[in-house]
Structure formats: C-alpha cells, structure tokens
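Survey of secondary and tertiary structure
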Amino acid sequence: MTDANETSLTPVTARSGTAGTPGEPLVVLSDVNKHFGELHVLKDINLTVSRGEVVVVIGPSGSGKSTLCRAINRLEPIDSGTITIDGSHLPEEGKELARLRADVGMVFQSFNLFAHKSILENVTLGPIKAKGVRSADAKKRAMELLDRVGVANQAGKHPAQLSGGQQQRVAIARALAMQPKVMLFDEPTSALDPEMITEVLDVMTALAKEGMTMVVVTHEMGFARKAADRVVFMDAGQIVEESTPEEFFTNPKSHRAQDFLSKLLSH
C-alpha cells in the first residue's frame, strides 16, 4: 500500500505561512525545565531550530523526547525557561496561545482525528473555525493536500474506514491545512504496522525536501539518516549530543549515544 509514492510533491506552499529567511532561528528553547512530580524530565534544554531545518530527536524510551516535542506548543507547560516561535514567546493560555499554536502543526502517534467527521471535514475544520477561511476555499485547499498525501479518494469516508497509514497521512494534511511555520511529529509511525510506516515516512521526507521546518521525534533511524539536517540525541532529560546524521551515525561522541546505537545495530 504505497500510494504515498504519489507524493512527488508539486510545491503546494508548505511554507506559505513561513515568510522569512531560511536559516534564521524559528524555534528557540532556552534553559527549559519540566518536572512530573519528583521526576525531572527536561533538564536545562537549549535548542534552536532554524527556518527550513529538519531536526530529528532520538534517544531511549523515557529520555524526554516526546515531552520536549509537546512543550514546543505548550501541550506540556514548562516549569522554567523560555520558548519562542518566530520571535514570539509562548503565552500561558488564552487567545494569544491559540493564535501561536496555529503556527505549529502537530502530528501525534495516535492520529487524533475526529471519528464522527469525514476526512474532508477533519482537514477543513481548523482553517474554517480557527482562521476564518471560507468553506469553499478550505475545501479546495483540503483536497489539494489530501491529493498530495495520496488519500484524496478517501475524502468522503470516516477515519475508521481508513488504514492506520492513511489516517496518519490525513493527520499530516490536517496540520498542513493551517499553514504552520513549523511541524512537530511525536512518534508518528509508532502505532503503525510495518508496511504502513513507509507510506507515512515518504510523505514526511517529501515535506522535508520542500523546506518545511520540522521537529521529528522518532525511532526510525533510516528517516533520520535520509531526511534530517541535524540529529539531537537525548538521554535522561538532557540533550547529550547533536550533529549531522553522517557524523552522529558514523562517529557518535558520547558513550551514551555509542551504547544506544550499538543496541540498535545488534537487533
């Protein structure tokens, strides 16, 4: 089931919401800390993601990767430090937070589609409700995006009628419909059967090639090697190491990264 190969993407303005100079800072985390009770899950995190950059975050389970991803749009509030998106600080709550969140697309491991709405309705709901886009314009844009991720022929169906891989591609289209400045992916393939993983990664790789700014938490090392500009390795709530994929996978500097990679390669 590799109709995702239809994603030899004609540029459908993945970056239409991303006016600015490629390479300038877009997402900046400074001295970010987060606790869950006694557990210190993010420890003095400093990370800058530049416009047009693809940053892949990897590490063992429990290292803080998903919490880091969710903190970027304040799905997880932080205890201290600052996070800015395109120069604006993340507000605590209210309309300003909603407005800033609209600039940050999020794709979860569990799709999070509205079960009672059609695929087309899932993709048009955000632009119509949050951005005041006219229904006809939202539908036109949605169909372009669904075509782009290879599921336009499923527009009238409901999520339960689609495979997991198809649902995740709809989730990507839904996030893109808001014309975000950055896309966050939190383990987007971990709930999928192996044959469905490739079709989702194909869409993500195509987005990366277009220049979409992306932060991707994943266990898919092949994707990290192929699509990332930078690999960030986390362990025990800290960023232990960051470098290019080539450098990280061929010459990891920290013992923790060396141990992590050796366990992967031994399976």
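Quick caveat: nothing in here was measured; it's all calculated off a predicted structure.

A few points about the sheet that holds strand β2 (residues 39–50)
If you walk across this open sheet you meet the 4 strands as β2-β1-β4-β5, and the pairing is antiparallel. Strands at the two margins of the open sheet, each flanked by one partner only, are β2 and β5 (88–89). Bridging between strand β1 (residues 25–36) and strand β4 (residues 80–85) involves 5 bridges; their strand directions are antiparallel. Note that in β4 the partner of Ser30 across the bridge is Thr82.

Points about the packing of aromatic side chains
The final tally for this structure, using the stated rule, is 3 aromatic pairs. Pairing Phe248 with Phe249 gives two aromatic rings, centres 5.3 Å apart and planes at 85 degrees, and the pair type is edge-to-face. Side by side, Phe248 and Phe249 carry an identical accessibility label, which is buried.

A short note on unusual backbone geometry
The backbone of Asp86 sits at a positive phi, close to 55 degrees, despite the residue not being glycine. Looking at where Asp86 falls in the secondary structure, it is placed in the loop between β4 and β5. Owing to a relative accessible area of 28%, Asp86 belongs among the partly exposed residues under this scheme. Its identity is not glycine, yet Gln179 carries a phi of approximately 50 degrees, on the positive side.

Regarding the packing of helix α3 (residues 119–131) against helix α4 (residues 135–148)
Packed helix pairs are characterised by how far apart their axes lie and by the angle those axes make with each other. Direction vectors running N to C along α3 and α4 enclose 125 degrees, while the axes themselves pass 9 Å from each other. When the interaxial angle is binned, α3 and α4 end up oblique. Every pair of crossing elements has a handedness; the one defined by α3 and α4 is right-handed. Packed against α3, whose contacting residues are Ile119, Leu120, Val123, Thr124, Pro127 and Ile128, the element α4 presents Ser135, Ala138, Lys139, Ala142, Met143 and Leu146 at the interface. Considered class by class, the residues forming the contact of α3 with α4 number 9 nonpolar, 2 polar and 1 charged.

Considerations on the environment of Asp186
Position of Asp186 relative to the elements: it lies in strand β7 (residues 182–186). For Asp186, a relative accessible area of 4% gives the class buried. Each C-alpha atom of the pair Asp186 and Asn33 lies 19 Å from the other, and the pair is 153 residues apart in sequence. Apart from the residues within four sequence positions on either side, Asp186 is in contact with Ser66, Cys69, Arg70, Met106, Val107, Phe108, Gln109 and Val217.

Regarding the sheet that holds β7
In space, the 6 strands of this open sheet follow the order β6-β7-β8-β3-β9-β10, with mixed pairing throughout. Both edges of this open sheet fall to β6 (104–107) and β10 (238–243), since each of them pairs with a single strand only. Here the strands of the sheet are splayed against their neighbours by 20 degrees on average, with no regard to which way each runs. In this sheet, β7 lies alongside β6 in parallel orientation, the contact comprising 4 bridges. Looking across to β7, one finds that Met106 is bridged to Leu184. The sheet strands contacting helix α5 (residues 164–176) are β6 and β7, and the helix crosses β6 at an angle near 170 degrees. Docked against the sheet, helix α6 (residues 194–210) engages β3 (54–58), β7 and β8 (213–217), running at close to 145 degrees with respect to β8.

Reading the values: rules and limits
- Note on numbering: residues in each chain are counted from 1, in written sequence order.
- Local features in this predicted model are restricted to residues whose pLDDT is 70 or higher, and side-chain atom pairs enter the listing and the counts only when it is 80 or higher, whereas totals over whole chains, interfaces and linings include all residues.
- Note that the side-chain values use all heavy atoms of the structure and ignore hydrogens as well as water.
- Following DSSP output, two strands are said to pair if at least two bridges run between them.
- Secondary structure is summarised from DSSP: a helix means a run of H or I of at least four residues, a strand means a run of E of at least two, and numbering begins at the N terminus for each.
- Within 6.5 Å between ring centres, the rings of Phe, Tyr and Trp (the latter by its six-membered ring) count as paired, and their orientation is classed by plane angle as stacked under 30 degrees, edge-to-face over 60, tilted in between.
- A 1.4 Å probe rolled over the protein chains alone gives each residue an accessible area, and that area as a share of the maximum for its type sets the label: buried under 20%, exposed over 50%, partly exposed in between.
- The axes used here are C-alpha line fits, helices contributing only the stretch in contact, and every angle between their N-to-C directions lies in the interval 0 to 180 degrees.
- Every angle not falling under 35 degrees, over 145, or within 65 to 115 is termed oblique; those three ranges are roughly parallel, roughly antiparallel and roughly perpendicular.
- When the near helix sits turned anticlockwise from the far one by under a right angle, the crossing is termed left-handed; a clockwise turn instead gives a right-handed crossing.
- Here, residues are in contact when the closest pair of their heavy atoms is within 4.5 Å.
- Classes in brief: Ala, Val, Leu, Ile, Met, Phe, Trp, Tyr, Cys and Pro nonpolar; Asp, Glu, Lys and Arg charged; the others, Gly included, polar.

By themselves these figures say nothing about function.
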